[in-house]
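Okay, here's what each chain looks like letter by letter:
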Amino acid sequence: MKCAQCGSENKTGQIYCQICGAELDLTYDQVHESVREELKLEKEKYAEDQTRQFLVLAVFLMILSIILSVVAGPVPQAEAPPSFSAPTTVQKPEPPAADERFYFPERVE
Ligand SMILES: [Zn+2]
């Protein structure tokens, strides 16, 4: 809040001017307005800080991704997907060789 005598800015809640020592004759409305202004400034500063932090983080992530892409090299290309068409020539499985011992174990000595 401003001193009426010298015009210097004083902290909220001060009774006397810090520069000239004059009594800061303030009404409730003036104090209220002063507090509101200070809160508004604080909010703006907070929002600015948040924005700055976000930008710093975004730039950091961008630089990190560039570094990683340089270190890791190009992204490997995916192989062609397997085809699901049936093979042109179907190999018939060979029938198992007939073995008498297998089918008639009691006949062979
Ligand atoms: Zn003053």
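Figured I'd write up the structure that's included with this text. Per-chain numbering applies: the sequence of each chain, read as written, is numbered from 1 onward. The predicted origin of the model limits local features to residues at a pLDDT of at least 70 and limits the giving and counting of side-chain atom pairs to 80 or more, whereas totals for whole chains, interfaces and linings rest on all residues.

**Examining the overall build of the protein**
This is how the line gets drawn: For the purposes of this entry, the term helix denotes a DSSP run of H or I that reaches at least four residues, the term strand denotes a run of E that reaches at least two, and both are numbered from the N terminus. Exposure is read from a count of other C-beta atoms within 10 Å of each residue's own; the residue is exposed at 12 or fewer, buried at 20 or more and partly exposed in between. C-beta atoms are placed from the backbone. Residues are defined as contacting one another if the C-beta atoms placed from their backbone atoms lie within 7 Å.
Looking only at helices and strands, the protein features two helices and zero strands. The 109 residues of the protein split such that 3% are buried. If you take every contact in the protein between residues at least 6 apart in sequence, the share linking residues at least 24 apart comes to 11%.

**Observations concerning helix α1 (residues 28-72)**
For an α-helix, 3.6 residues make a turn, and residues three or four places apart therefore share a direction. What counts is decided by this rule: Helix span, expected: 1.5 Å multiplied by one less than the number of residues in the helix.
The end-to-end C-alpha distance of α1, which contains 45 residues, comes to 65 Å, matching closely the 66 Å that a straight helix rising 1.5 Å per residue would cover. Of all 45 residues making up α1, only zero are buried, and the element is barely covered by its neighbours. Following α1 by one or two positions, G73 adopts a phi angle in the positive range, close to 80°.

**Here's the deal with the environment of V31**
Tracing the chain through its elements places V31 in helix α1. Since 14 C-beta atoms lie within 10 Å of it, V31 is described here as partly exposed. Sequence-wise, V31 and M1 are 30 residues apart; in three dimensions their C-alpha atoms are separated by 7.8 Å.

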